[in-house]
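Geometric and topological summary
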Amino acid sequence: MNIYVYPGSFDPVTNGHMDIIQRAAKLCDKLVVGVLVNSSKNPVFTLEERVELLKCAVKDINNVEIESFSGLLIDFMKKKNSKVIIKGLRAVSDFEYELQMALLNKNLDSDIETLFMMTNINYSFLSSSSVRELARNKGNIDGLVPDCIKDRIMDKFRK
């Protein structure tokens, strides 16, 4: 079975992430979206909320599974029996950091390959932080996140 892993914090998942998920899912037998516990970030949404939002967003894509993980991505990939990392890129600025990470992962396990996917140009400006900022200030997030999670994101900032 050809298994790919798409890791990220997804705080929250955006339509840019969904673009990558939908396209990557067509390239493999199974796509595991790995929701990262990142100690260097202070997420707005809990790990459980991020997993639930993603599960709602991908419910119609049969070969996608959502799972959280902590620690090294390489260890998670071994657990999932995967050799391919999917990374989405919005701009050249993303590439520099992601290239460093890809080379580090390759150094840790020479069998690992990282595939970079450019997001659809319609989402090149979109980030989770911009969605959070809009929602925090009661801005319109229509078209930026999956419809099934839009109200849950806005509710998070109404409290």
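Before reading on, note that the structure itself is shown above.
Thresholds, definitions, all that
- Residues numbered from 1 in each chain as written.
- Predicted model: local features only at pLDDT ≥ 70, side-chain atom pairs only at ≥ 80, totals over all residues.
- Heavy atoms only, no water.
- Disulfide = S-S within 2.5 Å.
- Helix = DSSP H or I, 4+ residues; strand = E, 2+ residues; numbered from the N terminus.
- Buried < 20%, exposed > 50% of the residue type's maximum accessible area, 1.4 Å probe, protein only.
- Phe/Tyr/Trp six-rings, centres within 6.5 Å; stacked < 30°, edge-to-face > 60°.
- Core = buried A, V, L, I, M, F, W, Y, C linked by side-chain atoms within 4.5 Å.
- Contact = heavy atoms within 4.5 Å.

A short note on the state of the cysteines
As enumerated under the stated definition, the model contains one disulfide in all. Across the disulfide from Cys56 sits Cys148; the S-S distance is 2.5 Å. Of this pair, Cys56 sits in helix H2 (residues 47-57) while Cys148 sits in helix H6 (residues 147-158), placing them 92 residues apart in sequence. Cys56 gets classed as buried once you look at its relative accessible area, which sits at 16%. On the accessibility criterion, Cys148 (31% relative accessible area) is partly exposed.

What about the packing of aromatic side chains?
What the rule picks out here adds up to four aromatic pairs. With a centroid separation of 4.3 Å and 15° between ring planes, the pair formed by Phe69 and Phe76 is classed as stacked. When the ring of Phe95 is compared with that of Phe116, the centres are 5.5 Å apart and the planes differ by 65°; the resulting orientation is edge-to-face. In this pair, Phe95 sits in helix H4 (residues 92-108) while Phe116 sits in strand S5 (residues 113-118), placing the two residues 21 residues apart along the sequence. Assessed through its relative accessible area of 35%, Phe95 is described here as partly exposed.

Focus: the nonpolar core
Among the nonpolar cores identified, the biggest contains 37 residues, and Ile21, Leu31, Val33, Val64 and Ile153 are the most heavily contacted of them. Residue assignment for this core shows that the elements contributing at least two residues are strand S1 (3-8), helix H1 (15-25), strand S2 (30-36), H2, strand S3 (64-69), strand S4 (84-89), helix H5 (128-136) and H6. The residues contacting Val64, other than those within four sequence positions of it, are Ile21, Ala25, Leu31, Val33 and Val58. Residues Ile3, Val5, Leu73 and Ile85 belong to the second largest nonpolar core, which totals ten residues.

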